[in-house]
Amino acid sequence: MTDKTNNTQIQNGSDGVTTTSKKVKTDKFDVHPEAQLPQTYRKNHNLIYSRISMTTHEQNLLALFLIQMQKTEWKEDTQLEISIPASRLADWLEVESKSLAATIKPVALRLQKRTVLAEHPTTHEFESSVLFPTVKYARGKLTMVPNYDLRDFFHDASKGYASVNVARFLRLRGKYSKPMYDLLSRFKTPDKQLYKTDVITLKGVFGLVDDKDNYLPGKKTMKDTSVFVNQALVKSIEEIEEACGDELMFFNTDASGKKRHGIIENKTGNKITSIEFEYLWIDQFIKLHPMDLEAAAEVAMNAENRLRLKKEKITQEETEQLAVAYYVLSTHYEKYRPRCRELFYDIYKHYRKISIEKAENYTESERPKLKSSALDKLDFLLNVETDK
């Protein structure tokens, strides 16, 4: 259908979700009730590191917008509008229908004020832009209009993206649990996980500081990094660990046995300067080695017989399969959980070692070749004794 007064094309989805774009008609799409929401959606690197401070409901609405946007074709010279029926919002946000308008109104007003700083990577020219010029609730629908100037910003995946589990993200209640889950979802591959990050970068991810590292209004208590670690990192990891235990696992390498909730604090003097994260996405191993309870018992029994009685070593792949076997067993028998964690921790250490080696060491083939002999001469000079 075309609105001839403003040259706007309107596409109605079969479930009542309406996508409107100027000049160019969008592709047809269907959005299903919560039970049929996509399992995952993409949140790009730009958005994760954009230093936007949002409430829990704002983060949920942004996620729902991105889910719909990724089902449409946001073409050049096209202003996109996405409208979501109240019935869908009530289900997705777990809000009673009669309270939806009152809940959404303050969220919409805040969301219209959220800005992002888009910076050119080489020229360093930048522009501060509002994310959503229009967010309105009318006639039983929430309509979100993203800033067209940020079209590339929303779509850009050149720096990578997080594959975020929709149901898990929406059900996380903690304000800081959501950005933490986004961040960990950005780094899922075992040998490319998020290990060490400087504190100010993390505070930006959690929406505590602006692009100049100034603390935002109401966030100054987080200037104390110990408060930040306890209130933002520790509490969010606790919630994620509780809600997403079949997806990822956190570890504690503190020799004293003190629970560290999956983090190591790196200090310069008494100042915490960076954080290391100790976690592993175990769901990818579970998918790689599917097995039922009977098969898990057989795998564990045979592997342990080789390890303990025959004193044999098992391969890395067999270790991963054994960890999954104990995971399956631990879902029915709690006594096998410690062995499950022990094996997944060994897997974490294996891939972390690989990651560190990749980051710190170039192979000869990877090192750039110089035409001159300057490096050879430099190495010679470094061995020459100098006068003290």
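J.: Requested: an account of the sheet that holds strand β13 (residues 263–268), with residues and values cited.
T.: Judged by pairing direction, the sheet is antiparallel, and its 3 strands sit side by side in the order β11-β14-β13 without closing on themselves. The two strands at the open ends of the sheet, each matched to only one other strand, are β11 (196–198) and β13. Averaged over all neighbouring strand pairs, the angle between strand axes comes to 30°, with direction disregarded. Judged from the 6 bridges that link them, β13 and strand β14 (residues 271–277) form a sheet pairing that is antiparallel. Each residue of the ladder has a partner; that of Lys 267, found in β14, is Ile 272. Each of β13 and β14 touches helix α9 (residues 225–243); the most contacted strand, β14, lies at about 15° to it.

J.: Break down the nonpolar core for me, with residues and values.
T.: Core analysis: the biggest nonpolar cluster contains 72 residues, and Leu 61, Phe 154 and Phe 228 have the highest contact counts within it. Top contributing element to this core by residue count: helix α2 (residues 56–69), with 8 residues. Residues in contact with Phe 154, not counting those within four places in the same chain, are Asn 44, Leu 47, Leu 62, Phe 65, Leu 66, Met 69, Trp 74, Leu 131, Phe 132 and Pro 146. Among the nonpolar cores identified, the runner-up in size contains 25 residues, and Tyr 195, Phe 251, Leu 322 and Ile 347 belong to it.

Definitions and cut-offs
- Along each chain, numbering runs from 1 in the same order as the chain's sequence is written.
- Local features in this predicted model are restricted to residues of pLDDT 70 or higher, and side-chain atom pairs are both shown and tallied only at a pLDDT of 80 or more, whereas totals for entire chains, interfaces and linings draw on every residue.
- Note: side-chain values were computed over all heavy atoms of the structure, leaving out hydrogens and water.
- DSSP bridges decide pairing: two strands pair if at least two such bridges lie between them.
- Put simply, DSSP H or I for four residues or longer makes a helix, DSSP E for two residues or longer makes a strand, and each gets a number counted from the N terminus.
- Every angle, taken between N-to-C directions, lies between 0 and 180 degrees, and every axis is a line fitted to C-alpha atoms, over only the stretch in contact when it is a helix.
- We call two residues in contact when some of their heavy atoms are within 4.5 Å.
- The definition of a nonpolar core used throughout is a set of buried Ala, Val, Leu, Ile, Met, Phe, Trp, Tyr and Cys residues joined through side-chain atoms within 4.5 Å.
- Classification of residues uses two cut-offs on accessible area relative to the type maximum, computed with a 1.4 Å probe and protein chains only: under 20% is buried, over 50% is exposed, and between them is partly exposed.

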